[in-house]
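Fold and geometry: a report
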Amino acid sequence: MNTPINVLILAAGLGTRMKSNQAKVLHKIGSRPLIAHILRTAAELNPENIFVVVGHQAEKVEEAARRALPPDQAEKLRFVFQAEQRGTGHAVKCASEALKQARGLLVVFYGDTPAVKSATLRKLIAEHETSKHAATLITIKLDPPPAYGRIIRDGAGKFQQIIEQRDCTPEQAAITEVNPGFYCFDIPALLVALEKLSPQNAQGEYYLTDVPQHMLAAGLTVGTVYHEDAHELDGINNRAELAAMWKRVRLETLNRLMTEGVSIVDPDSTYIDASVQIGRDTIIHPQVMIEGDSVIGDNCEIHSWSHLTNVTLGDECTVLNSCVLMDTKLAGKNSVGPCAHLRMHAELAEEAVIGNFVEVKKSKLGRKTKSMHLTYLGDATIGERVNIGAATVTCNYDGKNKNPTFIEDDVKIGSDTMLVAPVRVGRGSVSGAGAVITNDVPPDSLVVGMPAKVIKKLKE
Ligand code: UD1
Ligand code: CA
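Residues numbered from 1 in each chain as written. Chains lettered and ligands numbered in written order. Predicted model: local features only at pLDDT ≥ 70, side-chain atom pairs only at ≥ 80, totals over all residues. Heavy atoms only, no water.

1. Here we look at the overall build of the protein
Within the protein one finds 10 helices and 41 strands. Out of the 460 residues in the protein, the part that is buried amounts to 52%. Taking contacts inside the protein between residues at least 6 apart in sequence as the whole, the part at least 24 apart equals 41%. If you sum the accessible surface of the protein, you get close to 20400 Å²; carbon and sulfur atoms cover 51% of it. A distance of 4 Å separates the average location of the 50 positive side-chain charges in the protein from that of its 54 negative side-chain charges. (Helix = DSSP H or I, 4+ residues; strand = E, 2+ residues; numbered from the N terminus. Buried < 20%, exposed > 50% of the residue type's maximum accessible area, 1.4 Å probe, protein only. Contact = heavy atoms within 4.5 Å. Areas by Shrake-Rupley, 256 points an atom, 1.4 Å probe, with all protein chains shown as cover. Lys, Arg positive; Asp, Glu negative; His and termini not counted. Charge placed at Lys NZ, Arg CZ, Asp CG, Glu CD.)

Printed below as a string of structure tokens:
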């Protein structure tokens, strides 16, 4: 089965029931918008094209979509604009011209069903390919049925049509087999059926869900695939459903991590994105949040109230309480915090230590370097075995530019030293408490005062 796969995602609606100024697919689960969850799953099918129908806040949705995928997948995105939201069928019809260029089959689903797994989509595709139907759709059972389209079958159990809840008779409304909104189509047959849609229904919309019955009327066949785990396919229509889905995805992630050997002290209060990887015997304390493409090694310990986003931690790292780490790399055997803030490409080599109330921005610290108290290190490159005294500041901003500070190996920066960048402190030098270093310090020198002056050569 090597038929090329194309995916089409409907994401043009505002999502009226969200009561939001923001398009529904931009609302987040964890640190990622719904559209990102959907696209990452779609990309796992290795499709030729990923069509996305956009309308409300099209530019923002397109940007979120591009950011969701690595470059080799993002180049498969094809955006289709639906100016007016006249229904899910109309949305697909907006893509007709683009679809005429695509080879193979088309998987269609909605941008508001973020928990679907690629294995489920593969099951749909496999059934579609073996049975050679014009359309194949997933069905689920929910009792009582939610406000979904009902699956209508004939006396022999053969699929006949989907009827939207609002168009149902009371007898039809009682049917518990419903449409979660996942379809696989033969593209030419879809294009023909789309032309037959009409908005003669309770919502005055062109329904994608009418496509199967038009195919049957044209003598084609339509198949269904029953999916047991109905809630995997939940659509999000309001904020309560958004929160419920977040919880579901979160617990799934925590269970996966615990299965892989991570200790989660209190799953109820731990928030970890599905994309996060954590090594064995790492312990996550209560009230921790870990987001984005974070990778954490073995035997680490993350203490309460810390928030980590896009971090890479080697083995045996400790993050103490109440730290914020963003875009940060710890090589291994590091300790950070409590109450530290590392951001914008902060990088610690092995065994470097950051203590309380220290901010590290866009700076690199070498092996065994320590900055333990009340310090700001910005745009700094710091060597190995350096000790940074309490209340040190790299004065990196002159009001116009951010300037670099270089501190070479084995330097000792005394408490309350101001490093007025751009500036370099040579290997083995020492600054006295309260020094204001405005000029480069040669190696092996003791500097004191304001502005700091060399008062002694240390090697002599
Ligand atoms: C849809 C299905 C319903 C199914 C349910 C499952 C139709 C007519 N109904 O109903 O059978 O049980 O999903 O969750 O398809 N959209 C557009 N353009 C439009 C209209 C919608 O892009 O003109 C997008 C929306 O942004 C949304 C998705 O399509 O992401 C689904 O639309 P929504 O209004 O939520 O459909 P439901 O009423 O939930
Ligand atoms: Ca919906």
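2. Things to note about the packing of aromatic side chains
Scanning the model with the defined rule gives 3 aromatic pairs in all. Seen in terms of ring centroids, phenylalanine 109 and phenylalanine 182 are 5.4 Å apart; in terms of plane orientation they differ by 25 degrees. Their pairing is stacked. Here phenylalanine 109, found in strand β6 (residues 105–110), pairs with phenylalanine 182, found in strand β11 (residues 182–186); they are 73 residues apart in sequence, far enough to count as distant. Residue classification places phenylalanine 109 among the buried positions, given a relative accessible area of 0%. For phenylalanine 182, a relative accessible area of 0% translates into the label buried. (Phe/Tyr/Trp six-rings, centres within 6.5 Å; stacked < 30°, edge-to-face > 60°.)

3. Topic: the domain arrangement of the protein
Per the domain assignment, the segments of the protein are domain 1 (5–233) and domain 2 (262–457). Summarising the inter-unit geometry, the C-alpha centres of domain 1 and domain 2 are found 48 Å apart. If you look at the interface, domain 1 gives 4 residues, while domain 2 gives 5 residues. Summing the contributions of domain 1 and of domain 2, the shared interface buries around 340 Å²; its carbon and sulfur component is 31%. Three residues stand out in domain 1 for area buried against domain 2, namely Ser31, Arg32 and Arg40, and they jointly supply 82% of the buried area on that side. Joining domain 1 to domain 2, the criterion identifies 2 salt bridges. (Domains from an automatic or database assignment. Buried area = accessible area lost by both parts, 1.4 Å probe. Salt bridge = Lys/Arg side-chain N within 4 Å of Asp/Glu carboxyl O.)

4. Observations regarding the site of ligand 1
In the neighbourhood of ligand 1, 23 residues make up the surrounding shell, with Gln82, Thr88, Tyr110, Glu164 and Asn179 lying closest. Glycine 149 has a polar backbone atom sitting 3.0 Å from an oxygen atom of ligand 1. Side-chain polar atom of glutamate 164 to an oxygen atom of ligand 1: 2.7 Å apart, as the coordinates give it. Burial of ligand 1 by the protein chains amounts to 90% of its free accessible area of 770 Å². For the shell around ligand 1, a count of residues per class yields 8 nonpolar, 10 polar and 5 charged. (Near = heavy atom within 4 Å. Polar contact = N/O pair within 3.5 Å; in protein donor to acceptor, adjacent residues only side chain to side chain. Nonpolar A, V, L, I, M, F, W, Y, C, P; charged D, E, K, R; others polar.)

5. As for helix α1 (residues 34–43)
Most of α1 sits out of view: 9 of its 10 residues are buried. For α1, the set of buried residues is Leu34, Ile35, Ala36, His37, Ile38, Leu39, Thr41, Ala42 and Ala43.

6. Details of the sheet that holds strand β29 (residues 364–365)
Overall, parallel pairing links the 9 strands, which are arranged β15-β18-β21-β24-β27-β29-β31-β34-β37 in an open sheet. At either end of the open sheet lies a strand with only one pairing partner, and these are β15 (277–278) and β37 (423–425). Direction of pairing for strand β24 (residues 328–330) relative to strand β27 (residues 346–348): parallel, over a ladder of 3 bridges. Paired with leucine 330 across the two strands is leucine 348, which belongs to β27. (Pairing = 2+ DSSP bridges.)

7. Overview of the side chain of threonine 282
Structurally, the position occupied by threonine 282 is in the loop between β15 and β16 (283–284). Residue classification places threonine 282 among the buried positions, given a relative accessible area of 0%. Of note is the side chain of threonine 282, whose polar atom sits 2.7 Å from the backbone oxygen of glycine 297. In contact with threonine 282, not counting residues within four places along its chain, are Gly261, Val262, Ser263, Ile296, Gly297, Asp298, Asn299 and Cys300.

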